[in-house]
Amino acid sequence: MPAEPSDAATRPDAATRPDPGLRPDAAARHEVAARHDAVERRELIRALVEERGFVGVADLAAAFGVTSVTARTDLDVLERGGALRRVHGGAVPSGEAARPAREPSLEEALETSIGPKQRIGAAAAALVASGQSIIVDVGSTGLQLARALRARRELEDVTIFTNGLAIALELEPEIPRFSVVVTGGTLRPRQHSLVHPLAGSMLDEVHVDLAFVGCNGVHPARGATNRNLPEAEVKMLMVRASARSILLADASKLGEVHLGRIAPLDAFDALVTDASAPAALVAELEETGLPVQLAG
């Protein structure tokens with residue numbers, strides 16, 4: 001007489017069946033509770049990001065006892081809802097730092113992060129000495145640098161190259177204390193910048209002491225990037241035309257990556273950013289060998 005099949009032989013594999021301790025209604029309640037836990041966890045994550053300014057994926061995984069995949073999923077869900085902004089290794093508050101749908105004009109950029117950009121401009125201007133030749137890149141932070149240079153009344157005999165028409169006009173009243181040289185090129189209306197063709201002709205012929213280069217993104221692995229390809233190419237030429245290159249970027253740019261690569265971080269001698277930059281992001285940038293100066 002054939003043996004009766006055992007219970008183990010007739011039960012479905014444990015890995016493919018629901019917990020036998022849960023009745024159908026209990027299993028449904030368990031699923032709802034799991035979703036509820038995810039909602040609560042994401043609300044706590046949102047609050048942590050707001051409180052700390054930056055939270056890393058590894059920190060979230062350890063704090064909530066979930067995998068790094070789950071932590072990244074939580075951050076992605078929160079970013080889609082506008083609660084935070086994903087950056088390299090984690091997330092920062094959304095606030096005004098969210099990436100705009102289009103490139104802002106110079107005038108619009110001047111209205112954002114005014115205090116941080118002024119402090120970055122002042123810290124950068126402090127690096128300039130009389131008798132030096134420098135490049136000041138186009139942009140709202142570059143314009144704040146130009147204003148800070150004007151305020152340093154002891155400076156003299158400084159030669160300033162720029163591809164920004166607004167920067168050249170800002171510096172014009174300081175002639176002959178400053179010599180102001182416009183690079184030439186094709187005018188881009190939104191930033192009032194001069195780009196290729198012909199923008200690189202002058203930069204190929206000079207070698208300055210310092211270049212102050214702006215950007216839209218600073219990333220530990222991807223380097224300095226810009227959303228506009230023609231401007232990115234001119235910025236690259238500025239780096240090559242200088243003995244020392246200083247990257248200027250407010251905290252909202254850290255961890256960001258954009259379309260046009262300017263240069264890897266090892267092409268720069270320092271980054272000047274503002275004191276609100278998340279400590280974890282600053283540490284990651286410094287680990288690449290890039291000195292970071294916080295403009296307070």
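Please refer to the structure placed before this passage.
Not measured: the values here are computed from a predicted model.

Colleague: Which parts of the structure should I look at to understand the side chain of T225?
Modeller: Its place among the elements puts T225 in strand β11 (residues 223-226). You can call T225 buried: its relative accessible area is 2%. In contact with T225, other than residues within four places in its own chain, are C215, N216, G217, E256, V257, H258, G260, R261 and I262.

Colleague: I tried to follow the packing of aromatic side chains on my own but got confused; where do I start?
Modeller: Centre-to-centre distance and the angle between the planes together describe a pair of aromatic rings. Per the stated rule, a full pass over the model turns up zero aromatic pairs. We note R177 situated over the ring of F178; from NZ or CZ to the ring centre the distance is 4.4 Å.

Colleague: Would you explain a nonpolar patch on the surface in this entry?
Modeller: The grouping of L165, V182 and L187 at the surface amounts to a nonpolar patch, some 220 Å² of accessible area in total. Taking the relative accessible area as the measure of exposure, V182 reaches 33% and is therefore partly exposed.

Colleague: Before we go on, may I ask you to explain the sheet that holds strand β1 (residues 55-56) in this structure?
Modeller: As a general point, the strands of a sheet are linked pairwise by backbone hydrogen bonds and lie either parallel or antiparallel. Read across the open sheet, the three strands follow the order β1-β3-β2; overall the sheet is antiparallel. The open sheet has two free edges, formed respectively by β1 and β2 (84-87), since each of these has just one partner strand. Two elements, β1 and strand β3 (residues 90-93), share two bridges in a ladder whose sense is antiparallel. Counterpart to V55 in the pairing with β3 is A91. The strands touched by helix α4 (residues 68-80) are β2 and β3; relative to β2, the strand with the most contacts, the crossing angle is about 130°.

Colleague: So what exactly am I meant to see when it comes to the sheet that holds strand β10 (residues 217-219) here?
Modeller: Read from one edge to the other, the open sheet built from three strands follows the order β10-β11-β13, with strand pairing classed as antiparallel. Of all strands in the sheet, those with a lone pairing partner are β10 and β13 (260-263), marking the two edges. Between one strand and the next, the sheet's axes are offset by a mean angle of 35°, whatever the strand orientation. By the bridge criterion, three bridges tie β10 to β11 in an arrangement that is antiparallel. Residue pairing across strands places V218 opposite A224, the latter belonging to β11.

Rules used in this analysis
Residues numbered from 1 in each chain as written. Predicted model: local features only at pLDDT ≥ 70, side-chain atom pairs only at ≥ 80, totals over all residues. Heavy atoms only, no water. Helix = DSSP H or I, 4+ residues; strand = E, 2+ residues; numbered from the N terminus. Buried < 20%, exposed > 50% of the residue type's maximum accessible area, 1.4 Å probe, protein only. Contact = heavy atoms within 4.5 Å. Phe/Tyr/Trp six-rings, centres within 6.5 Å; stacked < 30°, edge-to-face > 60°. Lys NZ or Arg CZ within 6 Å of the ring centre and 35° of its normal. Patch = residues over 30% accessible without salt bridge, like charges linked within 9 Å, V, L, I, M, F, W, Y side chains within 5 Å. Areas by Shrake-Rupley, 256 points an atom, 1.4 Å probe, with all protein chains shown as cover. Salt bridge = Lys/Arg side-chain N within 4 Å of Asp/Glu carboxyl O. Pairing = 2+ DSSP bridges. Axes fitted to C-alpha atoms, helices over the stretch in contact; angles between N-to-C directions.

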